[in-house]
Amino acid sequence: MRFLRALILATGLPFTALATSDTPDLVCSTVPPPGDLEKAQRAAFEDFIFLLTLSRNPQAAFDKYVPGQYIQHNPNAFSGRDSALNYLVPAWKDPAWSLYVLRQFVDKGHGITFSRASVNGTVISAVMDIFRFEGTCIVEHWDVVQTVTGNETNPLAFF
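Definitions and limits used
Residues numbered from 1 in each chain as written. Predicted model: local features only at pLDDT ≥ 70, side-chain atom pairs only at ≥ 80, totals over all residues. Heavy atoms only, no water. Pairing = 2+ DSSP bridges. Helix = DSSP H or I, 4+ residues; strand = E, 2+ residues; numbered from the N terminus. Contact = heavy atoms within 4.5 Å. Axes fitted to C-alpha atoms, helices over the stretch in contact; angles between N-to-C directions. Core = buried A, V, L, I, M, F, W, Y, C linked by side-chain atoms within 4.5 Å. Buried < 20%, exposed > 50% of the residue type's maximum accessible area, 1.4 Å probe, protein only. Phe/Tyr/Trp six-rings, centres within 6.5 Å; stacked < 30°, edge-to-face > 60°. Lys NZ or Arg CZ within 6 Å of the ring centre and 35° of its normal. Expected span 1.5 Å × (residues − 1). Arc of directions from axis to C-beta.

1. Some points on the sheet that holds strand 1 (residues 71-72)
The strand order across the open sheet formed by five strands is 1-5-4-3-2, and the pairing between neighbours is mixed. Two strands lie at the open edges of the sheet, namely strand 1 and strand 2 (97-107), each paired on one side alone. Two elements, strand 1 and strand 5 (residues 137-147), share two bridges in a ladder whose sense is parallel. Bridge assignment links Gln72 to a residue of strand 5, and that residue is His141. Where helix 2 (residues 37-54) meets the sheet, it contacts strand 2, strand 3 (110-119), strand 4 (122-134) and strand 5, and its direction lies at approximately 180° from that of strand 2.

Now the structure itself:
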């Protein structure tokens, strides 16, 4: 399953509702685990993004990796776990909406994704999400969204 996740993330294939059966229902910890913290954060972030995007299950992603305080820097959204879920749960239930994670990184206590958002197969925006960890828990989020019009001057724009 881990190989499948990496393959789909690397190729940018469309994310569909897939179930995770190899991930135990453990909750993250704000206390850094013994050993390689970056490796633990990378594994947590990979699973968080998988649950959120491939499984289209923000509730499961947040239950495992956002158990408490969640600081939101999007100017159009309130901070807090419940506020995020109130937006994400209905969005991911809409089959017309999709998100392709093109790139994903974890370093120095942060996880970053670069994605292509579409509605009914039409690309509508380029999205950069940045998440901050405490231990293996996600506690803070920033995003940058650029609208894709199809009339961009630069032929290499966005993707």
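2. Topic: the nonpolar core
Formed by 27 residues in total, the largest nonpolar core has its most connected members in Phe45, Phe48, Phe62, Tyr65, Tyr70, Phe131 and Ile138. Broken down by secondary-structure element, the contributors of at least two residues to this core are helix 2, helix 3 (58-65), helix 4 (81-93), strand 2, strand 4 and strand 5. Those residues in contact with Tyr65 that lie beyond four places of it in its chain are Cys28, Ala44, Asp47, Phe48, Leu51, Thr136, Cys137 and Ile138.

3. Examining the packing of aromatic side chains
Summed over all chains, the structure comprises nine aromatic pairs. With centroids separated by 5.2 Å and ring planes inclined at 65°, the aromatic side chains of Phe62 and Tyr70 adopt a geometry described as edge-to-face. For the pair formed by Phe62 and Tyr70, the shared burial category is buried. Ring centres 4.5 Å apart and planes at 80° place the aromatic pair Trp92 and Trp97 in the edge-to-face group. Like Trp97, Trp92 is buried. Taken together, the aromatic side chains of Phe45, Phe48, Phe62, Tyr65, Tyr70, Phe131 and Phe133 make up a single cluster linked through ring pairs. Between the NZ or CZ atom of Arg116 and the centre of the ring of Tyr100, over which it lies, the distance is 4.8 Å.

4. Some remarks on helix 4
Taking 1.5 Å of rise per residue, the 13 residues of helix 4 would be expected to cover 18 Å, and the 18 Å separating its terminal C-alpha atoms lies within 8% of that figure. Taken as a whole, helix 4 has its buried residues at Arg81, Ala84, Leu85, Leu88, Ala91 and Trp92. End-on view of helix 4: buried residues confined to an arc of 145°, all on one side of the axis. Pointing more than 90 degrees away from the buried face of helix 4 are the exposed residues Asp82, Asn86, Tyr87 and Lys93. Contacts from the buried residues of helix 4 go to helix 2, helix 3 and strand 2.

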